[in-house]
Amino acid sequence: MHVVHTINEVRAAVAAARKAGKTIGFVPTMGALHAGHGSLVQKARSECGYVVVSIFVNPTQFGPTEDFSKYPRTLGDDTTLCAAMGADCIFAPAVEEMYPEQNLSWVDVEKLSEGLCGASRPGHFRGVTTVCTKLFHIVLPDIAYFGQKDAQQAAVLCRMVSDLNFPMQIKVCPIVREADGLAMSSRNRYLSQDDRRRAVCLYQALCLCKQQVEKGVVSVSDLVRQISEVLTAAGGAPDYISIVDAKSLQPLHVIDRDALIAIACRVGPARLIDNMLIFLNPLRFQL
Ligand code: PAF
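Residues numbered from 1 in each chain as written. Predicted model: local features only at pLDDT ≥ 70, side-chain atom pairs only at ≥ 80, totals over all residues. Heavy atoms only, no water.

Q: What am I meant to see in the sheet that holds strand β8 (residues 259-267) here?
A: Where strands meet in a sheet, backbone hydrogen bonds hold them as pairs that are either parallel or antiparallel. With respect to topology, three strands assemble into an open sheet ordered β7-β8-β9, the strand pairing being antiparallel. In this open sheet, the two strands that pair with only one neighbour each are β7 (237-245) and β9 (270-278). Shown here is a sheet whose adjacent strand axes are inclined to one another by a mean of 10°, direction ignored. Across eight bridges, β7 lies against β8 in antiparallel orientation. What sits directly across from Tyr240, in β8, is Ala264. The sheet contacts of helix α9 (residues 201-214) involve β7, β8 and β9, and relative to β9 the element is tilted by about 25°. (Pairing = 2+ DSSP bridges. Helix = DSSP H or I, 4+ residues; strand = E, 2+ residues; numbered from the N terminus. Axes fitted to C-alpha atoms, helices over the stretch in contact; angles between N-to-C directions. Contact = heavy atoms within 4.5 Å.)

Given below as structure tokens:
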């Protein structure tokens, strides 16, 4: 497995793989990799001839008061995990390589970027879509892999690729959870032991909500109240609790179609997100 740091190097590696007839799988990350990322690399490995993982903590998707400078940077451990999962190449550029000058060109996906995390993190998705556009143009993948844990990010990027005719496919892979249900996240590293025990409240609240829907509760305000009670009882501070149309991400008043329950909640120093899809047609549960 190669670790490269420049755009020219990764382009040359991908061009050689393509010349050898290989399809290119791509897993964009910000590093601090965990088993969730591992599952994306494995999926790419199983489907593509050449697998590139990018590791880049992208400054343009962090707000001025967010955790850009303290975001964990663990290239050594990340390299070990990528090699074990079968990646062929890590692209780990410096900020100056990706943004040699002040960035004046941006990609913005309207509407889908505006609610949920877009409302509490202004400019976040503009940073994500812009850096992913740059990465897609650099790596030229056939398939890029993202996790359902960042459900809004996945929806925004799928729409960008479709609206702007990127010649590639996006695959969204299931959330990987710890044994107690906590969704794997690089930000779980910020949790103290006590916070870590409490952080499972996001998953518990989502499960309770799904059970309530299965029992016939469809009022979003009732469901949101119950989720809020679970989070606050565990000492969490909800940022948002939203139940939205699974495709358009527009808010629902009643659950009368496939829905996404999405939560952002502070637990200690960490702002954690998690989500669950609710399919109204029970046949979909069997897929
Ligand atoms: O999900 C992430 O890790 C980041 O938002 C991404 C997609 C790598 C863009 O920086």
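Q: Where do I start with the nonpolar core in this structure?
A: What tends to happen in soluble globular proteins is that the nonpolar side chains get buried as a cluster. Ranked by internal contacts, the top residues of the largest apolar core, which has 46 residues, are Val10, Tyr50, Val52, Phe91, Met98 and Phe136. With eight residues, the top contributor of residues to this core is helix α6 (residues 124-139). Ignoring sequence-local partners within four residues, the contact set of Met98 consists of Phe56, Phe91, Pro93, Val131, Lys134, Leu135 and Ile138. Membership of the second largest hydrophobic core comes to 32 residues, among which are Leu202, Leu206, Ala270 and Met276. (Core = buried A, V, L, I, M, F, W, Y, C linked by side-chain atoms within 4.5 Å. Buried < 20%, exposed > 50% of the residue type's maximum accessible area, 1.4 Å probe, protein only.)

Q: Just to check I follow, could you spell out helix α10 (residues 220-233) for this structure?
A: An α-helical turn contains 3.6 residues, so a residue and the one three or four places further along point in the same direction. Compared with an ideal rise of 1.5 Å per residue, which puts 14 residues at 20 Å, α10 spans 20 Å between its outermost C-alpha atoms and is within 8% of the ideal. All of the buried residues in α10 are Val220, Leu223, Gln226, Ile227 and Leu231. Projected down its long axis, α10 carries its buried residues within an arc of 135°, all on one side. α10 presents Ser221 and Ala233 as exposed residues on the side facing more than 90 degrees away from its buried surface. On its buried face, α10 sits against α9, β7 and β8. Remark: Gly235 follows α10 within two positions and exhibits a positive phi of approximately 90°. (Expected span 1.5 Å × (residues − 1). Arc of directions from axis to C-beta.)

Q: Would you mind showing me how to read the site of the ligand here?
A: Taken together, the neighbourhood of the ligand is formed by Pro28, Thr29, Met30, Asn58, Gln61, Val128, Val131, Cys132, Phe146, Asp150 and Gln153. Interatomic distance of 2.6 Å between a side-chain N/O atom of Gln61 and an oxygen atom of the ligand. Compared with its free state, where it exposes 290 Å², the ligand has 89% of that area covered by protein. Ranked by residues supplied to the shell around the ligand, first place goes to α6 with three residues. Looking at the shell around the ligand residue by residue, the classes come out as six nonpolar, four polar and one charged. (Near = heavy atom within 4 Å. Polar contact = N/O pair within 3.5 Å; in protein donor to acceptor, adjacent residues only side chain to side chain. Areas by Shrake-Rupley, 256 points an atom, 1.4 Å probe, with all protein chains shown as cover. Nonpolar A, V, L, I, M, F, W, Y, C, P; charged D, E, K, R; others polar.)

Q: Honestly, the sheet that holds strand β5 (residues 143-147) in this entry has me stumped. Any pointers?
A: Strand order in the open sheet formed by six strands is β1-β4-β3-β2-β5-β6, with parallel pairing between adjacent strands. In this open sheet, the two strands that pair with only one neighbour each are β1 (2-4) and β6 (169-173). Averaged over all adjacent pairs, the angle separating strand axes in this sheet is 25°, with direction ignored. The pairing of strand β3 (residues 50-55) with strand β4 (residues 89-91) spans three bridges and is parallel. For Val53, the partnering residue across the bridge sits in β4 and is Ile90. Strands β5 and β6 of the sheet are contacted by helix α7 (residues 151-163), whose axis makes an angle of about 165° with β6.

Q: For this particular structure, what's the right way to read the pattern of salt bridges?
A: Close approach of charged atoms allows side chains with opposite charge to pair. Inspection of every chain in the model, using the stated rule, returns 17 salt bridges. Among the ionic pairs, Lys43 bridges to Glu47, the shortest N-O distance being 2.9 Å. With Lys43 and Glu47 both in helix α2 (residues 35-47), this residue pair falls four residues apart, about one helical turn. Where Arg198 meets Asp195, a salt bridge forms, and the shortest distance between an N and an O atom there is 2.5 Å. With Arg198 and Asp195 both in helix α8 (residues 193-198) and three residues apart, this pair spans about one turn of that helix. When its relative accessible area of 24% is taken as the criterion, Arg198 is described as partly exposed. You can call Asp195 buried: its relative accessible area is 8%. Taken together, the shared-partner salt bridges connect Asp194, Asp195, Arg197 and Arg198 into one network. (Salt bridge = Lys/Arg side-chain N within 4 Å of Asp/Glu carboxyl O.)

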